[in-house]
Amino acid sequence: MQDTIFAMFEDNSLVTAFAVVGITMYFSYFLSDKLTKGRLHGSAIAIILGLVLAYIGGVSTGGENGIADLQMFSGIGLMGGAMLRDLAIVATAFGASIEEIKKAGFTGILSLFMGIFVSFIIGVIVAFSFGYTDAASLTTIGGGAATYIVGPVVGGAVGASSEVIALSIAAGLVKSILVMIGTPFVAKYIGLDNPRSALVYGGLMGTTSGVAGGLAATDPKLVPYGAMTATFYTGLGCLLCPSILYFAVRAIIG
């Protein structure tokens, strides 16, 4: 009987993934209500639980995909993969109001450039402090500090080593996780409670998955606005980092 049940879960791994996520969300909102009286949003708890499950899955299997390395939960790898993630982001962006986007105006555009430049500079400084002195490595890690998507794009364009590209992805993932978890805690202190501020926040942070997850835990109505500018941020980073910013780093370090 037990073998039959596990076989059913494995044969319908994507359905199992939706069930696991649904149960996790229900449990997270239950904990949010009973333990924190709603002060810590259920989505934030769900993100933390997801990270814990990913860690447990990775340690128990010695794999690289967290809990998705377990055959029964392999559908989570598809559910959380790039295809459905990007579909969700694009579908979410359709919920944004054009009038609210117009209100961001110059501020929204400025936030995109400021977000990329600040993240890139911090990434370059950290990389330099750890001994990287060539322009390709510095630019790649700086791009990864912007987002984990920009890093590999930059690394491939400027000829960085695979180790440096891996570091850039790691830097972007750490940023994404911090934004996911930290957004609900800082939202009320930075006025993140309206579409315009969400647009600016998405432009400054840039990590689409991090911003979308963090805003979902803050106020789901803000997700389309933050996700939209965060998506523009990724595209702009892919254009600026391997071109203008790369040549700027080369000019500075020689």
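Residues numbered from 1 in each chain as written. Predicted model: local features only at pLDDT ≥ 70, side-chain atom pairs only at ≥ 80, totals over all residues. Heavy atoms only, no water.

**Student:** I'm lost on the environment of Thr229 in this one. Help?
**Tutor:** By the element assignment, Thr229 lies in helix 12 (residues 223-253). On the basis of relative accessible area, Thr229 is assigned to the buried category, the value being 8%. It is 8.3 Å that separates the C-alpha atoms of Thr229 and Tyr201, two residues lying 28 residues apart in sequence. Among the polar contacts listed, one links the side chain of Thr229 to the backbone oxygen of Gly226, at a separation of 3.3 Å. (Helix = DSSP H or I, 4+ residues; strand = E, 2+ residues; numbered from the N terminus. Buried < 20%, exposed > 50% of the residue type's maximum accessible area, 1.4 Å probe, protein only. Polar contact = N/O pair within 3.5 Å; in protein donor to acceptor, adjacent residues only side chain to side chain.)

**Student:** What's the story with the pattern of salt bridges in this structure? I'm lost.
**Tutor:** Working definition: two side chains of opposite charge can pair if their charged atoms are close together. One pass over the full model with this rule turns up one salt bridge. Here Asp33 ties to Lys34 by a salt bridge, and the two come within 4.0 Å at their closest N and O atoms. By relative accessible area, Asp33 is classed as partly exposed at 44%. (Salt bridge = Lys/Arg side-chain N within 4 Å of Asp/Glu carboxyl O.)

**Student:** I'm lost on the environment of Ala68 in this one. Help?
**Tutor:** Structurally, the position occupied by Ala68 is in the loop between helix 3 (42-61) and helix 4 (75-79). In sequence terms Ala68 and Gly57 are 11 residues apart; their C-alpha atoms lie 7.3 Å from each other. Setting aside residues up to four positions removed in sequence, Ala68 forms contacts with Phe73, Ser74 and Gly77. (Contact = heavy atoms within 4.5 Å.)

**Student:** For this particular structure, what's the right way to read a nonpolar patch on the surface?
**Tutor:** Among the surface-exposed residues, Phe106, Leu110, Met114, Val118, Ile122, Val126, Phe130 and Leu204 lie close enough to one another that they form a single nonpolar patch of about 790 Å² accessible area. The biggest single contributor to the nonpolar patch is helix 6 (residues 98-129), with six residues. Turning to its location among the elements, Val126 is positioned in helix 6. (Patch = residues over 30% accessible without salt bridge, like charges linked within 9 Å, V, L, I, M, F, W, Y side chains within 5 Å. Areas by Shrake-Rupley, 256 points an atom, 1.4 Å probe, with all protein chains shown as cover.)

**Student:** Mind showing me how you'd approach the nonpolar core here?
**Tutor:** Nonpolar side chains in soluble globular proteins generally cluster together in the buried interior. Judged by nonpolar contacts, the single largest core of 23 residues is most densely connected at Ile116, Phe120, Val158, Cys241 and Leu245. Among the elements of the structure, helix 6, helix 7 (135-146), helix 8 (150-158), helix 9 (162-186) and helix 12 are those that each provide at least two residues to this core. Sort the elements by how many residues they give to this core and helix 12 lands first, with seven residues. With residues near it in sequence (within four places) discarded, Val158 still touches Ala136, Thr140, Pro242 and Tyr246. Of all hydrophobic cores here, the second largest spans 13 residues; its members include Val179, Ala198, Tyr225 and Ala230. (Core = buried A, V, L, I, M, F, W, Y, C linked by side-chain atoms within 4.5 Å.)

**Student:** What exactly am I supposed to notice about the packing of aromatic side chains here?
**Tutor:** Pairs of aromatic rings are described using the distance from one ring centre to the other and the angle between the two planes. One pass over the full model with this rule turns up two aromatic pairs. Both rings, one in Phe113 and one in Phe117, keep their centres 6.3 Å apart while their planes meet at 45°; by these two values the pair is tilted. Residue Phe113 and its partner Phe117 are both found in helix 6; the two are separated by four residues, about one turn of the helix. Consider the rings of Tyr246 and Phe247, whose centres lie 5.5 Å apart with planes at 55°: the pair is tilted. Under the relative-accessibility criterion, Tyr246 is labelled buried at 14%. (Phe/Tyr/Trp six-rings, centres within 6.5 Å; stacked < 30°, edge-to-face > 60°.)

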